[in-house]
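Inside the fold
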There are 2 protein chains.
Amino acid sequence: MLFSKETYIQRRECLRRLVGDGLILLPGNNDTPMNYPANTYKRRQDSTFLYYYGLHRDGLAAVIDCESGQETLFGDDIDIEDIVWYGSVTDMAQMAEACGVSAVRPLASLGDMLKGRKVHFLPPYRHDTQILLMDLLGLHPSQQRSAASLALIHAVVQMRSVKSEGEIAEIERACAIGYKMHTAAMMLGRQGVTDSYVSGVLDGIAASNGSITSFQNIVTMHGEILHGVPVGEPLRNGRLMLCDCGAETTEHYCSDHTRTTPVSGSFDARQADIYDIVVDCHDLALDAARPGNRWWDVHMAVCRLMTDRLKALGLMKGDTEEAVRAGAHALFMPHGLGHMMGMDVHDMEGLGQIYVGYDDETRPSSQFGTASLRMARRLEEGFVITDEPGIYFIPDLIDHWHAEGINADFLCFDEIEKYKDFGGIRIEDDVLITKDGCRFLGEELIPYKRADVERYVAEHRM
Amino acid sequence: MLFSKETYIQRRECLRRLVGDGLILLPGNNDTPMNYPANTYKRRQDSTFLYYYGLHRDGLAAVIDCESGQETLFGDDIDIEDIVWYGSVTDMAQMAEACGVSAVRPLASLGDMLKGRKVHFLPPYRHDTQILLMDLLGLHPSQQRSAASLALIHAVVQMRSVKSEGEIAEIERACAIGYKMHTAAMMLGRQGVTDSYVSGVLDGIAASNGSITSFQNIVTMHGEILHGVPVGEPLRNGRLMLCDCGAETTEHYCSDHTRTTPVSGSFDARQADIYDIVVDCHDLALDAARPGNRWWDVHMAVCRLMTDRLKALGLMKGDTEEAVRAGAHALFMPHGLGHMMGMDVHDMEGLGQIYVGYDDETRPSSQFGTASLRMARRLEEGFVITDEPGIYFIPDLIDHWHAEGINADFLCFDEIEKYKDFGGIRIEDDVLITKDGCRFLGEELIPYKRADVERYVAEHRM
């Protein structure tokens, strides 16, 4: 367990007070089948369950009675045949003791405890959990997200959003693994090596030094595909390799960085122009990230700077404020500036991005591009967010907007057409909001300024 | 796609004739959530779907009308927003054309096609597939395995059991990756390196050269835990490192090998004695593996040899035949000699091991140990099986049998007690049943004879 028993007890006590009534039901994750029941993916405990109980085993569920204060851990001990195959494991009583829960009951008795009570549950994302909730609560999986408890969602978001010192230390450990992954990609990503070879090595570094990648690696010469997975394509000089990846520690805290490196080792003039815009957008966000500022406003400031600079390159035109208000910049950056990060790489996204990144003051937009801004609300000390501007030339999107004349007042399509073979650039770092500003997470900064990237590649390329 | 359009058409035609009536429903796999809906594990298509359609995309299902011969592929094309995030993909019509299916319909219309018809389906193992089948067929997930079509199961098992030349070539490619994994483990597994570090490197080799490991790596000094996953323990001189792992190619054919290597580089006398027994059991099986022989009989011959040799070491006693009949050897080898291998590392295990490894002639045993024999029936040319004897000293099992006096007539518990710190040894290879015998799969043989292992480590240890 990452933290002391007292930490978990305090967290649950706080949760119970925030929710106030009824029962809180928190199911853990089970092993999930890959290609047959017994062949499962690597175990990944539910983040909220880990946050409140610190236990990694499968087959667990927990109930907190907000009215009586009674806490119960549900699960079954294993028998001798299981021990032969999977080894001895901590028994249920020991696990409950370790996280400070007084009562243990078999999993099959979970239904009895819920009968006739108001049950708070979070939106389930694992399909076996959906089947469990269906059996327990009589709700079809398609009805469960809307029936989830807003009181519980808000309480969990409130608690998990602000990271403790111990959590930050664990994220720093994840960033240290992320550093190894990204510098390895820079070293390996030369002409002729495939994107999937590089990506596989990164999987290995994450698994060797932590547990698993925090999401499927994006390693590609097609940076313009925002979540483009490797396809076995050999890297080619003249192109950029975009690498967006991160690690999870064994306690499942994440890192998430992006670097864009020239395969040849040097940026050409056109790449340098676009790259430097992204660097400046990235750095502008760092200057503006501090408690009290809204990430929405920082995102918009970045979009305005990007628009100004793309105007200077002859790719955009017209009034900058108007262009950004119209969403014209989203042709180039159709995503948001960043997201919360923690035990989930998009922290708590499964609870509903609207509750994590927005509030009564800051409401989401439905405009293309801005709608993908996952985090918008006012920053607080202890938030961990990503700063990840990017510029992409997406042929299908350019064709679509050009044909439909979308934002034609602000876009120089004739010039943009020339960039359809460009790809995309993104630079991403993980940032902790401090008392009066922000700081990078990770002891060593992965090189990102243009000269630093070129120097790193020149000195380390394998 | 791995094979020609004609291959897939012929396979489906054969399947349709074997099943004979009603509709065959074959759902593909979807991306499966890890810690929130959009953060998914690496995609892994269903093996049977791949076998008959060769298509890797998620969100697909297929129906074959055994009566009219009509074939339909169900799925939805993606829109511009998906293209921005995930890139352009082959559209449904192109995919259907590629595998020789004439009709394409949206996924939402799948239910209409099934209405009022007899539907053959396989036992589902993904929980989202179970929810789909529940909605389509009105069967609760807990009822689906028993409601699955025996006719379809038998037809699929019959076809997938005998591997074609193209399939064997693909398994050889998986074995080549497996060779890299196992020799890397031998090179890396020195004192002080953790089991999870070694395992992570193997993950990387599998991902860099293929797609994913064929199951979660077993890398451990506790070989006596049959499916022991790494726990971050530093390797120690004097212990053995058991490494059981395999790769999947990008087309999802598997390898599966086990090697047991001394951390120090040399076996001590006690380790050497046990190791040589396992080698001889492994080689005996190779001699006996040929068309017409039952794998059950080979398993039993191995158990008898093991018993003879353990008697010579003073660990067993009494009549060998009687000891094996009583299952006394299962204290040391509580698992079966091997299993089918192909697109699933335990090939088709999800369809029911009883249909894959047994038949009317060869029936399963419920005796501890023998009950875990996954493959028992008569061998045929083109079968791919594993040969994987092992000897383990499982402290909990020894204590249990000793206390209960289980098989006390055949076991020298006083001597066995001295081995409770030993661990376990397994040696596993993938074997193709040929016209008149068998051969190893994989161009290069991973060293397994004692002197070869020691030599390899001496020459390559990092």
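All of the points below concern the structure found in this document. (Residues numbered from 1 in each chain as written. Chains lettered and ligands numbered in written order. Predicted model: local features only at pLDDT ≥ 70, side-chain atom pairs only at ≥ 80, totals over all residues. Heavy atoms only, no water.)

Right, let's get into unusual backbone geometry. Even without being glycine, A:Asn407 reaches a positive phi, approximately 55°. Mapped onto the fold, A:Asn407 is located in the loop between α15 (395–404) and α16 (413–417). Judged by relative accessible area, which is 17%, A:Asn407 ranks as buried. The phi dihedral of B:His252 falls on the positive side, at around 65°, and the residue is not glycine. Relative to the helices and strands, B:His252 is located in the loop between β11 (247–248) and β12 (257–262). The buried category is assigned to B:His252, whose relative accessible area is 5%. (Helix = DSSP H or I, 4+ residues; strand = E, 2+ residues; numbered from the N terminus. Buried < 20%, exposed > 50% of the residue type's maximum accessible area, 1.4 Å probe, protein only.)

A few words now on the relation of the copies chain B and chain A. Overlay of chain B on chain A (RMSD 0.0 Å): rotation 180°, translation along the axis 0.0 Å. Here the symmetry operator amounts to a two-fold rotation axis. When C-alpha distances to the rotation axis are compared across chain B, the minimum falls at B:Gly204, with a value of 1.8 Å. A shared interface surface links the copies, since 100% of the contact residues of chain B are contact residues in chain A too. (Least-squares fit on C-alpha atoms with pLDDT ≥ 70 in both. Contact = heavy atoms within 4.5 Å.)

To continue, consider the interface of chain B and chain A. In this complex, chain B contributes 69 residues to the contact, which on the side of chain A involves 69 residues. Interface area, chain B with chain A, both sides summed: about 5,400 Å², of which 61% is carbon and sulfur. In this assembly, chain B and chain A are joined by 2 salt bridges. Note that A:Asp203 and B:Lys42 form a salt bridge whose closest N and O atoms lie 3.1 Å from each other. Linking chain B with chain A are 30 residue pairs in polar contact (both at pLDDT 80 or more), by the criterion used here. Mapped by element, the contributors of at least two residues to the side of chain B that touches chain A are β2 (33–36), β3 (39–40), α3 (80–86), α6 (127–137), α7 (141–147), α10 (195–209), β8 (212–213) and α15 (395–404) of chain B. In terms of residues, the side of chain B that touches chain A owes the most to one element, α10(B), which gives 9 residues. Residues of the side of chain B that touches chain A, tallied by class, amount to 28 nonpolar, 26 polar and 15 charged. (Buried area = accessible area lost by both parts, 1.4 Å probe. Salt bridge = Lys/Arg side-chain N within 4 Å of Asp/Glu carboxyl O. Polar contact = N/O pair within 3.5 Å; in protein donor to acceptor, adjacent residues only side chain to side chain. Nonpolar A, V, L, I, M, F, W, Y, C, P; charged D, E, K, R; others polar.)

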